[in-house]
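Each chain, written out:
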Amino acid sequence: MNFDHLKKREIKIVEVGPRDGLQNEKVTLSLEDKLGYIDLLAKTGLKTIEATSFVRADRIPQMADAPALFFELSQRSYFDKISFPCLVPNLVGYEQAIASGVKEISLFSATSDAFTAKNINCSVDESFKRMEEVASKAKKDGIKMRGYISTAFGCPYAGEMSAEKLAEVAERFLKLGVYEVSIGDTIGVAVPSQVHKYISVLKDRVNLSKVAMHFHDTRGMAVANCLVSLQHGVTVFDASSGGLGGCPYAKGATGNVATEDLLYLFHSLGLKTGVDIEAIAKASQFILSKVGKSSPSKYYQSIEKNL
Ligand code: MG
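Residues numbered from 1 in each chain as written. Predicted model: local features only at pLDDT ≥ 70, side-chain atom pairs only at ≥ 80, totals over all residues. Heavy atoms only, no water.

## So, the coordination of the magnesium ion
Protein-derived coordination of the magnesium ion comes from Asp20 (OD), His214 (NE2), His216 (NE2) and Asn256 (OD1), at a distance range of 1.9 to 2.3 Å. Between consecutive donor residues of the magnesium ion, the sequence gaps follow D-x193-H-x1-H-x39-N. One end of the pair, Asp20, is in helix H1 (residues 17-23); the other, His216, is in the loop between strand E10 (211-214) and helix H9 (222-232), and 196 residues separate them in sequence. The same class applies to Asp20 as to His216, namely buried. (Donors = N, O, S within 2.8 Å, 3.2 Å for Na, K, Ca; no water. Helix = DSSP H or I, 4+ residues; strand = E, 2+ residues; numbered from the N terminus. Buried < 20%, exposed > 50% of the residue type's maximum accessible area, 1.4 Å probe, protein only.)

## Observations regarding the pattern of salt bridges
Taken as a whole and assessed by the stated rule, the structure comprises 17 salt bridges. For Arg19, the salt bridge is made with Glu50, and the minimal N-O distance between the two is 3.0 Å. Residue Arg19 is found in helix H1, and its partner Glu50 is found in the loop between strand E2 (48-49) and strand E3 (52-53); the two are separated by 31 residues along the sequence. On the basis of relative accessibility, which here comes to 1%, the residue Glu50 falls in the buried class. Measuring nitrogen to oxygen at the nearest pair gives 2.7 Å for the salt bridge that ties Glu171 to Arg205. Of this pair, Glu171 sits in helix H7 (residues 163-176) while Arg205 sits in the loop between helix H8 (192-202) and E10, and the two are 34 residues apart along the sequence. Overall, Glu171 belongs to the partly exposed group, its relative accessible area being 24%. Via salt bridges that share partners, Lys12, Arg146, Glu180 and Asp238 belong to a single interconnected network. (Salt bridge = Lys/Arg side-chain N within 4 Å of Asp/Glu carboxyl O.)

## A word on the environment of Asp58
Residue position: Asp58 is located in the loop between E3 and helix H3 (66-74). Of the residues examined, Asp58 reaches a relative accessible area of 58% and is grouped as exposed. Looking at Asp58, its side chain comes within polar contact range of the side chain of Arg56, at 2.8 Å. (Polar contact = N/O pair within 3.5 Å; in protein donor to acceptor, adjacent residues only side chain to side chain.)

## A few points about the sheet that holds strand E5 (residues 104-110)
Strand order across the open sheet formed by nine strands is E2-E1-E11-E10-E9-E6-E5-E4-E3, with parallel pairing between neighbours. With partners counted over all chains shown, the strands left at the sheet margins are E2 and E3, one partner each. When E3 meets strand E4 (residues 86-87), the two strands line up parallel, connected through two bridges. From the neighbouring strand, Ser53 faces E4, where its bridge partner is Leu87. (Pairing = 2+ DSSP bridges.)

## Points about unusual backbone geometry
A positive phi angle, near 60 degrees, is found at Asn121, a position not held by glycine. Look at Asn121 and you get exposed, because its relative accessible area is 64%. Positioned with a positive phi, Thr151 is a non-glycine residue whose angle comes to about 50 degrees.

## A closer look at the packing of aromatic side chains
Following the criterion strictly, the structure yields nine aromatic pairs and no others. If you follow Lys118 out to its NZ or CZ, it ends over the ring of Tyr157, 5.0 Å from the centre. (Phe/Tyr/Trp six-rings, centres within 6.5 Å; stacked < 30°, edge-to-face > 60°. Lys NZ or Arg CZ within 6 Å of the ring centre and 35° of its normal.)

## Structural notes on the nonpolar core
With 91 residues, the main nonpolar core has Phe84, Ile105, Phe173 and Leu230 as its most contacted residues. The contact partners of Leu230, leaving out residues within four places of it in the chain, are Phe3, Leu6, Ile11, Phe237, Phe266, Leu269 and Leu271. Of all hydrophobic cores here, the second largest spans nine residues; its members include Leu87, Phe108, Ile120 and Tyr148. (Core = buried A, V, L, I, M, F, W, Y, C linked by side-chain atoms within 4.5 Å. Contact = heavy atoms within 4.5 Å.)

Purely spatial values, then, with no claim about function.
Printed below as a string of structure tokens:
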């Protein structure tokens, strides 16, 4: 394996622990604990931290404090040096996010109609109509947009998804005006051979410099899948510190790939991330103690006693 061609640029980690991670933990933390976690993450060298989501509090009570959290964040000295994208499902969430000082939003859809029907009560096509409304406002307001594609490899209701559908939805997102589209293995079923096949199809239709990969470690394949993506030239990866979060479709299963595991991989290949692995582990230690669980990250487990 030779990654010399990637050594000129930095591999970017999009830290999703405070949103994707905490949203999938059963415990709802206090605002103070969430801010304490983000304060620690902000010291690690990360340049993008997904902060929260502006969703209905009755649907996702873990994120009910989004306006208060974002206001506090906007007062921090590091606020202008780091991007803090927030998830918005529709115009109502968008308006709330903007009123709270959000500068970057994440929009989301999926490749599976069965998934969007259960998750956001509409088809994939209809979800794009909703997102177009938000995107046109965001463009006028000068707000940056990131896109998320769920069920890229497999759907909990419809099974395996096709590479062509993934490429089609990714193209649609880029046309919407997102600067980056994150390809999500929502249920953690992808394996390296599938990732190789899907990215091979994807790279014929979209520019891979606008693609991020978002793997879940449900079946232990996330790090291997990231390596295959890297071999194809993907240089942006979503991860959550300590492997925070779970999988709503597999009770007790692990969620997002751990930031520590990815950093260990990338640094071992001589690649730069600008992120301090020990500082990430300290942030994980803090938040895991608040959530009351141990980390599924193998790297974290190996250094936990020495933190
Ligand atoms: Mg995730």
